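Architecture and fold: a report
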Amino acid sequence: MKTAGLKRSKLTVAVLLGVAATCIASQVLATEVRGHLQQENSGQPVANARVSLDGTGYTATADKEGNFVFANVPAGNYTVSVSQAGFAITRSPLTVGSSGPATVTIGLKKVAELKGLIVAANRYDASSMQMDAPNTVNVLSAASLQHTAVHNVAEALGLLPGVNVTNTGSGYFSGVDGAARGEGVYATVRGLPADYDVNLINGVDVAQGMPYSRSVQLSLLPPSGLQTIVMNKTSTADMDGDAIGGTVDFRTPTAFDFAKTTSGSVSVSGRMESRARDYGNSGLGGGFAGDFQTKFGSEKQFGVYASAYYDYRAYVNSEEAAATSALNDGSWEFAHTDANGNNAAGYDPSRNLSSTGMNVGVVPGYDRRYGGNFSFDYKVDETLSTYLRMTYAYAQTTQDTAFTQILPKNVTYQQVGSSDVYTPNIGRIAARYWYETNPEVADLTTFQLGADKTVGGWTISPNVFYSFGDNDRPNHVEIDGREDKYSQTNFAYSGSSLMSYGPGSFPYPQLTPALAAKVNDIPSLWANDYGELTKIYSGQRKGGGKVDFRYDFTDGSLSSIQFGAKFTESVRNYNNRDWSTAGINDGVTTLGDLGIFNGTWNSIYPGAYNWKAPKVSESGVSNLIQQYLVPSDLDTCGDSLYVNNYNCDTLRGREAVSAIYGKATFNIGNLEIIPGLRFEHTSIQNTYWVVPQDSSGNEIPGYFQSNHTVYNEPLPSVFLNYRPSDGSIYRVGLWQSYTRPSLYQLGSSSSISISEGVTTITRGNPNLKVIKATNLDFSGQWNNNNGGYASVAGFYKHLSHYIYDAGGQQASSGITGNGLILYRTPENGGNARVYGVELDTHQKFKFLPDPFDGLGVSFNATRQNTKADLGIAGFHNEEIQSAPKFMANAEVFYEKNGFSLNLSYHYTSAWLANYDYLNQGAPWDDLWIRPIKRLDLHAGYAFQNGLQVDLSISNLADNHSYWAHIGRNSLVISDIVDTGMTSLLTVKYNF
């Protein structure tokens, strides 16, 4: 027993001695870590930053000199993480030896540099940029752009939460013809139309060339032309104030974004459109692109980057246009009426519709785009860097629409029994034909020259810039023919509707044998005239300069102050002229006699309407018009005098915007506070043509007249950012922003008419108010450092003096004045509001065993609500245009060992396109867009030798790309576009 006890005692002593020895050894092997934090460019110390050793309990806070200390750190390899409001989260390796203190100096990058030219190579870089930003942003990386099956950057923006991409817009981009191009044109952000956004390229305000709005046509930019897209959802004081929706910055790289001294790439691509192949066309297109960068000089202080691209897309799409026919030709009735054809009592008019006619068309066309980017950077020394940036994009579109028209005539109303309800009866159907082109030539260019200079704690950033953009519609031609030009007897019909409806409510016209024979023989229709010619030219030239000053403090809670000024001046030019040739009334000439046809489409709408349609020679129609056109055919506004028709739709505008701002950044622990104030002064001078009448009501020669508008807008803001850890941030922002009315609404052409001694002046309204918005945003973002991140954001916007997109018409047009002079002008509406929630999440399953660790999923969704008072009786509670209630993107992907596979699904709920589409004076006839569903596939492989192959297929399920309908809850009268699938194969070589 004693022996056993003695052994236990010895064992206990040995264990205690061992523990003591281990503790002594650990103290011997532990040492001190001393660190210093400084700004990456200026070398100024960074105070109050939170410093930690990943995976341990060691934390410290840097003092006012940027120094920190960790005591008793065991020997080993560590990662030092630094987080500080106003700077990007930084991680640096650290090796601690067994003796002597370890030292480390870490450079921190200012978060404000997000507004510079930072390129996100992949979605993880994009997530870091979002996390580091001082405001709420979404970032699309270069890899995300490559792994999509979209046509252009507008469609790429649809991958982000809160963004709706529309394929129609104002003027000649509106309606089914614009949608029939089959690509996205505009991006709306957080429920606001596209002209409520600011669009930048490398930080430069791009010119706005659209004829009737302030929106920018993004479809001329292909995804290959840009590398990173930053969507700013909130606006700090140093950003342009006229952004209620968002600020979109399209960024190109510089040489210093690449690790290699010299590198580049070349790529070729092939494209195929499935709908064109349904028509018997090849549907083939393609393109090529290349870029090159190099750094040179004794210290590699010079950097040059250049890229160029060219692509070509040929398409043939299908469209059915019953809503367009209802608007232009009156091809609609109430299904239940009174004796005069009005909506019968007790029936909801939006659900009581009947389609009595339609247009069916083939839409062939092509897009040709080319452009490039150039940047030159010179890092003079550690305190001075200069840069030059240039971008150019050009797009030419040729689009034809050949409509077979089936129009109702001789409609009567038949009583149902002895009730007060009647139903329409179509007496006959008129067969007609209408051909038109929708050409476009668009370009967009930006230049800028700037520098960044640090002097002590100061950073000074001057910049001068220039941009021009055009959206022209040159040589738009039309021609038509009709069966009932001389006789109104064909074709007898009986029924309350022309349509029956198949699966999904797709409409099918019910044709009599005689009518079916006629639509298969369009060349036999009587020619109506020798055609119509329209020329529209619209563009803007914009230039200016700005300078920003920033001072960074080394201690105290005030981290930095920033202030600056900016001046922008733009010149806007728009004119529209139209010529209509004389009618053909010889009773002999048919469309076939005019020599404008050069073949036949075997089916006008494959799979739905199988009658034939002629192929039209655009040059044949143009030559015919030129052969018969005389100067007196000019009838732009239907005026009697040539000089008035020549100038009546002409607008010239000059706009100057001066801005100053100031903001400060306070850091209190992990809390960052950024108050700011911006002030913008705008002066607008519009020149337009006036068409007057004399006292007897006779038209007399007109003259140019000008008006002047001034806006002064103070825009306060405050933002709070809380960063409790390296992997999380919480933001709250409150700011004001605004949108100026379009120049067309302020100063469109004027007419003066006199009737019974009362003079009515119709013109633009220089007294329109800006649309002002108070914005609230709150969000949180989390990064798990294991391939995953998530964010959630809520937003609320209250708008006053709302103006909606009225295309080429006056918004909320009303008559004011009294006595003998009345004014018909566009007017501001009332208040509007937008609120919603956005969710964005991504996770790559790195924790799974090989090979499943390449799997991942991503998902984003937006739920939003909008309401607007248009300022028109009966329209005080409308939804905002182009603002779906729900949007979502879901993706399953696999990325490993150079292989990538992405299967993505996009969904957009219904949204309102046009108010009071049939001019019925009530919201029930608003035009709505049916929910959009699209499934896309991408597969790619990057070889180790620099070769990369990518295949993308858009719209795998072959869903309709556009479906508009009159009435929110009715599909009876619809416009439909079928564009099929698009396949794109790209082979790229990186060197």
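What you are looking at is a predicted structure, and each value in this text was computed from that prediction instead of being measured. (Residues numbered from 1 in each chain as written. Predicted model: local features only at pLDDT ≥ 70, side-chain atom pairs only at ≥ 80, totals over all residues. Heavy atoms only, no water.)

**Side note on the overall build of the protein chain**
Test applied: In DSSP terms, a helix is any run of H or I states spanning at least four residues, a strand is any run of E spanning at least two, and both are numbered starting from the N terminus. The globule rule is 2.2 Å times the number of residues to the power 0.38, and the radius of gyration it is compared with is taken over C-alpha atoms. We call a residue buried when its accessible area falls under 20% of the maximum for its residue type, exposed when it is over 50%, and partly exposed in between, using a 1.4 Å probe and counting protein chains only.
Each helix and strand in the protein chain was counted, giving 11 helices and 52 strands. Relative to its length of 991 residues, the protein chain is compact, with a C-alpha radius of gyration of 33 Å against a globular reference of 30 Å. Along the three orthogonal principal directions, the C-alpha set of the protein chain runs to about 125 × 65 × 60 Å. Counting across all 991 residues of the protein chain, residues that qualify as buried make up 57%.

**Some thoughts on a nonpolar patch on the surface**
For clarity, the threshold we go by: Surface patches are defined over residues having more than 30% relative accessible area and no salt bridge, joining like charges when they lie within 9 Å and nonpolar side chains (Val, Leu, Ile, Met, Phe, Trp, Tyr) when within 5 Å. Residue exposure ignores everything except the shown protein chains as possible cover, and the areas themselves are Shrake-Rupley values with a 1.4 Å probe. Salt bridges are defined by distance alone: a side-chain nitrogen of Lys or Arg within 4 Å of a carboxyl oxygen of Asp or Glu.
A grouping of Val 718, Leu 720, Val 732, Leu 734, Leu 776, Phe 778, Tyr 796 and Tyr 835 is seen on the molecular surface, where their side chains present a nonpolar patch of about 630 Å² in accessible area. Among the elements of the structure, strand S34 (703-725), strand S35 (728-739) and strand S38 (771-783) are those that each provide at least two residues to the nonpolar patch. By relative accessible area, Val 718 is classed as partly exposed at 31%.

**Some words on the pattern of salt bridges**
According to the stated counting rule, one finds 35 salt bridges in the structure shown. With a closest N to O distance of 2.9 Å, Glu 273 and Arg 313 form a salt bridge. Here Glu 273, found in strand S15 (residues 262-273), pairs with Arg 313, found in strand S17 (residues 302-321); they are 40 residues apart in sequence, far enough to count as distant. Pair check on accessibility: Glu 273 and Arg 313 agree, each one buried.

**Re helix H9 (residues 618-628)**
Think of an α-helix as 3.6 residues a turn; residues three or four steps apart then line up on the same face. Heads up, the condition is: Directions drawn from the helix axis to the C-beta atoms are what define this arc. Two residues form a contact once any of their heavy atoms are found within 4.5 Å.
Those residues of H9 lying buried are Gly 620, Val 621, Leu 624 and Ile 625. On an axial view of H9, the arc spanned by its buried residues comes to 135°, and they lie on one face. Turned more than 90 degrees away from the buried face of H9, the exposed residues are Asn 623, Gln 626 and Gln 627. Considering only its buried residues, H9 is in contact with strand S22 (422-437), strand S24 (458-482), strand S28 (532-552) and strand S31 (613-616).

**Considerations on the state of the cysteines**
Here is the rule we go by: Two cysteine sulfur atoms make up a disulfide if the distance between them is within 2.5 Å.
One pass over the full model with this rule turns up 1 disulfide. Note that Cys 637 is cross-linked by a disulfide to Cys 648, the S-S spacing being 2.0 Å. The sign of the 95° torsion about the S-S bond sets the Cys 637-Cys 648 disulfide as right-handed. Residue Cys 637 is found in the loop between H9 and helix H10 (642-647), and its partner Cys 648 is found in the loop between H10 and strand S32 (650-668); the two are separated by 11 residues along the sequence. The class of Cys 648 is buried, set by a relative accessible area of 2%.

**A few points about the packing of aromatic side chains**
For clarity, the threshold we go by: Classification of ring pairs rests on two measures: the distance between centres of Phe, Tyr or Trp rings, Trp counted by its six-membered ring, which must be within 6.5 Å, and the angle between planes, read as stacked under 30 degrees, edge-to-face over 60 and tilted in between.
On inspection of all chains with the given rule, the structure shows 46 aromatic pairs. Pairing Phe 334 with Trp 924 gives two aromatic rings, centres 5.6 Å apart and planes at 50°, and the pair type is tilted. Here Phe 334 is found in strand S18 (residues 332-334), whereas its partner Trp 924 is found in the loop between strand S46 (911-914) and strand S47 (927-929), with 590 residues between them in sequence. Residue Phe 334 is classed as buried on the basis of its relative accessible area of 8%. Given a relative accessible area of 17%, Trp 924 falls into the buried group.

**Some thoughts on the sheet that holds strand S1 (residues 30-39)**
Paired through backbone hydrogen bonds, the strands of a sheet run either parallel or antiparallel to each other. Defined as follows: When DSSP finds two or more bridges between two strands, those strands count as paired. Axes, fitted as lines to C-alpha atoms, cover a helix only where it is in contact. Angles between the N-to-C directions of the axes lie from 0 to 180 degrees.
Read from one edge of the open sheet, 3 strands run S4-S1-S7, paired in mixed fashion. Of all the strands in the sheet, the pair left with one neighbour each is strand S4 (67-74) and strand S7 (102-108). Across the sheet, the mean angle from the axis of one strand to that of its neighbour is 25°, orientation sign disregarded. Relative to S7, S1 is paired through 7 bridges, and the arrangement is parallel. Within S7, the residue paired with His 36 across the bridge is Thr 105.

**Details of helix H7 (residues 322-329)**
Of all the positions in H7, only Ala 322, Ala 323, Thr 324, Ser 325 and Ala 326 are classed as buried. Positive phi shows up at Gly 330, right after H7, with a value of about 70°.

**Examining unusual backbone geometry**
Along the chain, Asn 490 connects to Phe 491 via a cis peptide bond; the corresponding omega equals 0°. With a phi close to 55°, Asn 475 is a non-glycine residue in the positive phi region. Relative to the elements of secondary structure, Asn 475 occurs in strand S24. Looking at Asn 475, the relative accessible area reads 38%, which means it is partly exposed. Of note in this structure, Asp 958 is not a glycine but carries a positive phi near 60°. Assignment of secondary structure puts Asp 958 in the loop between strand S49 (947-954) and strand S50 (962-966).

**What about the sheet that holds strand S3 (residues 59-61)?**
An order of S3-S2-S5-S6 is seen for the 4 strands of this open sheet, with the pairing classed as antiparallel. Two strands close off the open sheet at either side, each with one partner strand: S3 and strand S6 (90-96). For this sheet the average axis-to-axis angle between neighbouring strands, irrespective of direction, equals 25°. Pairing geometry for strand S2 (residues 50-53) and S3, over 3 bridges, is antiparallel. Bridged to Arg 50 within S3 is Thr 61.

**Some remarks on the nonpolar core**
The criterion, for reference: To define a nonpolar core, start from buried Ala, Val, Leu, Ile, Met, Phe, Trp, Tyr and Cys residues and group those joined through side-chain atoms within 4.5 Å.
Judged by nonpolar contacts, the single largest core of 54 residues is most densely connected at Trp 332, Met 358, Ile 604, Tyr 605, Tyr 609, Ile 966 and Ile 973. Contacts of Met 358, omitting those with residues within four sequence positions, involve Glu 320, Ala 321, Ala 322, Ser 325, Thr 404, Gln 405, Ile 406, Leu 498, Met 499, Pro 509 and Tyr 609. Among the nonpolar cores identified, the runner-up in size contains 39 residues, and Tyr 196, Leu 715, Tyr 738 and Phe 795 belong to it.

**Quick word on the side chain of Arg 678**
Heads up, the condition is: Counting of polar contacts relies on pairs of N or O atoms within 3.5 Å, with two restrictions inside protein: one atom must be capable of donating a hydrogen and the other of accepting it, and residues adjacent in sequence are counted only when both atoms are side-chain atoms.
Among the structural elements, Arg 678 can be located in strand S33 (residues 671-691). Assessed through its relative accessible area of 3%, Arg 678 is described here as buried. Only 2.9 Å separates the side chain of Arg 678 from the backbone oxygen of Ala 237, close enough to count as a polar contact. If sequence neighbours within four positions are ignored, Arg 678 has contacts with Ala 237, Asp 238, Met 239, Asp 240, Gly 241, Lys 566, Ala 659, Ile 660, Tyr 661, Glu 713, Pro 714 and Leu 715.

**Quick word on the confidence of the model for the protein chain**
In low-pLDDT segments, the atomic positions of the prediction should not be examined closely. The line we're drawing: For every residue, the predictor assigns a confidence score, pLDDT, that lies between 0 and 100.
Residues with a pLDDT of 70 or more make up 94% of the protein chain, whose mean pLDDT is 89. Here helix H1 (residues 2-29) stands out as the least confident element of the protein chain, with mean pLDDT 41; S18 is the most confident, with 97. Throughout residues 1-28 the model reports pLDDT below 50, and contacts reaching past four residues in sequence, or to other chains, amount to 2 contacts. Below pLDDT 50 for its whole length, residues 112-117 participates in 19 contacts with residues either more than four positions away or in separate chains.

**Re the environment of Phe 991**
Looking at the element boundaries, Phe 991 is found in the segment after strand S52 (982-990). Taking the C-alpha atoms as reference points, Phe 991 and Phe 292, 699 residues apart in sequence, are found 9.2 Å from one another. Look past the residues within four positions of Phe 991 in its chain and what remains in contact with it is Lys 260, Ser 263, Gly 264, Ser 265, Asp 291 and Phe 292.

**Topic: the side chain of Glu 155**
Put simply, the rule is: In this count, Lys and Arg are taken as positive residues and Asp and Glu as negative ones, while His and the chain termini are left out.
Counting through the fold element by element, Glu 155 comes out in helix H4 (residues 153-157). Of the buried charged residues, Glu 155 lacks a salt bridge, with Arg 934 as the closest side chain of opposite charge at 6.0 Å. What Glu 155 contacts, discounting residues up to four positions off in sequence, is Val 150, Val 165, Gly 182, Glu 183 and Gly 184.

**Here we look at the environment of Ala 393**
Turning to its location among the elements, Ala 393 is positioned in strand S21 (residues 384-415). Once the C-alpha coordinates of Ala 393 and Leu 629 are considered, the two residues, 236 residues apart in sequence, prove to be 34 Å apart. When near neighbours in sequence (up to four residues on either side) are disregarded, Ala 393 contacts Leu 220, Leu 221, Tyr 309, Tyr 370, Gly 371, Ala 442, Asp 443 and Leu 444.

**So, the environment of Phe 87**
Checked against the element boundaries, Phe 87 lands in the loop between strand S5 (76-83) and S6. Placed 45 residues apart in sequence, Phe 87 and Asp 132 show a C-alpha to C-alpha distance of 6.8 Å.

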